[in-house]
Every structure is written in structure tokens, then in C-alpha cells.
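Remarks on the overall topology
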Amino acid sequence: MAETPMSATQSSVRLRVADPGMVLVAQQHARRVAKLAGLDAAGADHAALAAAELAGNAQRHGRAGELLLQPSAEGAAIDVVAFDRGPGVADWARSSADGYSTTPGSLGTGLGAVARIATTLTAHSELNRGTVVSARIGPAGNAPMVSAFGSPRRGERINGDAWSWSVSDGEVFAVLADGLGHGPDAAAASALAVADVASLAASEPPQVLHDVHARLRSTRGAAVTVVRLRRSSTGEGSELLVTGVGNVAATVVALDGSVRRTLISAGTAGLAVRTPTQTITPVPTGSVVVLHTDGLLSSWTMQGRARVVAAPPAVLAAVLLRDFERGTDDTGVVVLRPPAALDRLDR
């Protein structure tokens, strides 16, 4: 299965930015990933600038800073994400303005420059926990209702997890797959599981899982969860329809940080799947939905962190990756926020 194309998001790069020399390395990787994502030379230059500024900030002001460079699942764009475990920023609005810096001799123009070239810039800082900044470089589009980040197991170069989604009027459809094992064969299986999302989204989750199971019969198989997030039939909030097999979790996170985990069946798509079943879970107003593979700790919680839950999906996805990653497995995290009425956009 090594000849099967990988999904774009399986070509991400993650770097530790412990010293100033990593800024140049970040620029080089950003240009390469930007071209892989389909950006032109100007777009690659913007990606390199964003990577340099965000990596430099994480290295200077944070602790255990890292940079994630990932082709977007939404067309020709790249997500440049920096996160650290430093002291945090008390006044984010002031620190992100041009001319402000806590470093003597610095012009303080970095984050302002990134804001000017980014399609979207989202950030969040928690005192004594750290800071997350996510910049998307590419053509302008709708404000993302879904964000996803991932990383391969330490020592691997390719992520064996993959995802795709479709946003339509009043609902979000998403698939997250965890290829059995690690490496290129696992990545090939998961990429095939999530391919052609527009076709998958036309069916209900149990039928989608049945179809994906048939797709994967010639592969090593994958854990797969399929969800549809739509307006509730009662008119209050939303509801989450879930069908899955294996270790890909689907959770509802309330604004107070409490987590409600849904039931996922045993099995492996492509190898052994019982008759797919579907659960329906209420999603109260203000809540978000998180899908993740077992690269995250199963016991994570957002208790006491309402501002993170309320932040844009990119922030919550990056915080989960930073704070709860096992490090011993591939990781995929997808955050879905109930959509307003949108024209259909297939990712």
C-alpha cells in the first residue's frame, strides 16, 4: 500500500525551537510545506515569514516551544502553529500590537507582521500554562468551523492518522481514521478511509462506516469514527450523530470544561466490523465536539478552562495536542464547532 497517496495533512512537520538557530530551519521547512500545499512563491515567502516570527517568539518568550507546519485540509493553504509551555501573556491584545516587545532592543513588529499576511490569526495565552498562536497562510475563506492538527509518533516521519470534513448549511460531517500500526502503510489506510469526503457526506454515519470498511479490505485496516454535527431536532443547541469502530474517540466538551464521551464499538474497518450502530448525543449551546485518536491521553479534561473551550477551534486543537499528547503513538485531533448557516464547502 506504500504507493497510495498520503493526505496533505500527513505531510506535516513538527519542530522543537529550543535555540535561535531553529528559526532558519523553520523557514526552510515552511517553504517546502507551503509548496506541497499548493502555494505560489509569494505564499511560500509569507509562510516562511510567519514560521520565523512565531518560532522566534516561542523560543524567546516561552518554554519547550514547538512549531507545527501543516498543509491545510481546506485547499491551497498552510497552517503555521506555535505553542509553548511558558509563563503566558497577561495582556494578549497589547503584546500582539506593532511596537510592543518584552525583549530589549526588539522592534516588536513580529506578530503584527504575521497578522497582516495571514488569512486568519488565532491565539490564546494562559498564565503558567503557555501560549498558542495559529496562522493560516493562503487564499481568504470562511472563518474555520473545524480545525485539525496531528503529529506522528516520535521517531516516525509520517502520521498514520488522517481526517477530512464537509461543512454545509446547519451541519458538519467529519471522519477521523487511525491506521493500524505506524508508518507509510498505516498512513495509506487512513488516507483511503477519509478520501472523497463529498461522497461520504451524502450518506448517514452507519452507511459511511460500512462503505469505508469495504474500501479498506485490501489495507491493514484502521480505527474509524464518523460523525455528523447538526441542529437539534428540538431546536435547542445541536446534536452529534456518531458511528465508529476502534479507538477513535468522539467527545462533547461543555463550556465549563466537562467532557461527555460517546460509545465507540470494537473492531477495525477493513478487517472486522459488526453491524454499525449510531448514537445521538446532545450538544448544548456553547459546547464543542472533539474527535481524537489514542495519541491523546484518554483522561484529558478542560475543567476550569472555559476560555480555551470558547476559543476558535484551532486554539483548542493545538492546546489538546500540546497538553495531552502521549508521544508514543500517532496523534490526530479534530475540533468541530456547530456551524451557522453556510453555503456547502467540501474539505
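Okay, so let's go over this structure. (Residues numbered from 1 in each chain as written. Predicted model: local features only at pLDDT ≥ 70, side-chain atom pairs only at ≥ 80, totals over all residues. Heavy atoms only, no water.)

With that out of the way, let us pick up the environment of Ala 306. Summarising the element assignment, Ala 306 is placed in helix α8 (residues 306-310). The class for Ala 306 is partly exposed, based on a relative accessible area of 34%. (Helix = DSSP H or I, 4+ residues; strand = E, 2+ residues; numbered from the N terminus. Buried < 20%, exposed > 50% of the residue type's maximum accessible area, 1.4 Å probe, protein only.)

As summarised here, the arrangement of the five strands in space is β6-β15-β14-β11-β12, forming an open sheet in which the pairing is antiparallel. Each edge of the sheet is formed by a strand with only one pairing partner; in this case those strands are β6 (146-151) and β12 (259-261). Shown here is a sheet whose adjacent strand axes are inclined to one another by a mean of 20°, direction ignored. The pairing of β6 with strand β15 (residues 331-336) spans six bridges and is antiparallel. Each residue of the ladder has a partner; that of Ser 147, found in β15, is Val 335. (Pairing = 2+ DSSP bridges. Axes fitted to C-alpha atoms, helices over the stretch in contact; angles between N-to-C directions.)

Another aspect to go through is the packing of helix α1 (residues 22-36) against helix α2 (residues 41-61). Between α1 and α2, the shortest axis-to-axis distance is 8 Å and the interhelical angle comes to 145°. Where α1 crosses over α2, the two elements pack in a sense that is right-handed. In this structure, α1 contributes Val 23, Ala 26, Gln 27, Ala 30, Arg 31, Ala 34 and Lys 35 to the contact, and α2 contributes Ala 44, Asp 45, Ala 47, Ala 48, Ala 51, Ala 52, Ala 55 and Gly 56. In terms of residue class, the contact of α1 with α2 is built from 10 nonpolar, two polar and three charged. (Left-handed = near helix turned anticlockwise from the far one by under 90°. Contact = heavy atoms within 4.5 Å. Nonpolar A, V, L, I, M, F, W, Y, C, P; charged D, E, K, R; others polar.)

In this section: the side chain of Glu 126. One can find Glu 126 in strand β4 (residues 120-126). At 2.7 Å, the side chain of Glu 126 and the side chain of Arg 305 are in polar contact. Once you skip the residues sitting within four places of it in the chain, Glu 126 turns out to touch Pro 87, Gly 88, Arg 305, Val 308 and Arg 322. (Polar contact = N/O pair within 3.5 Å; in protein donor to acceptor, adjacent residues only side chain to side chain.)

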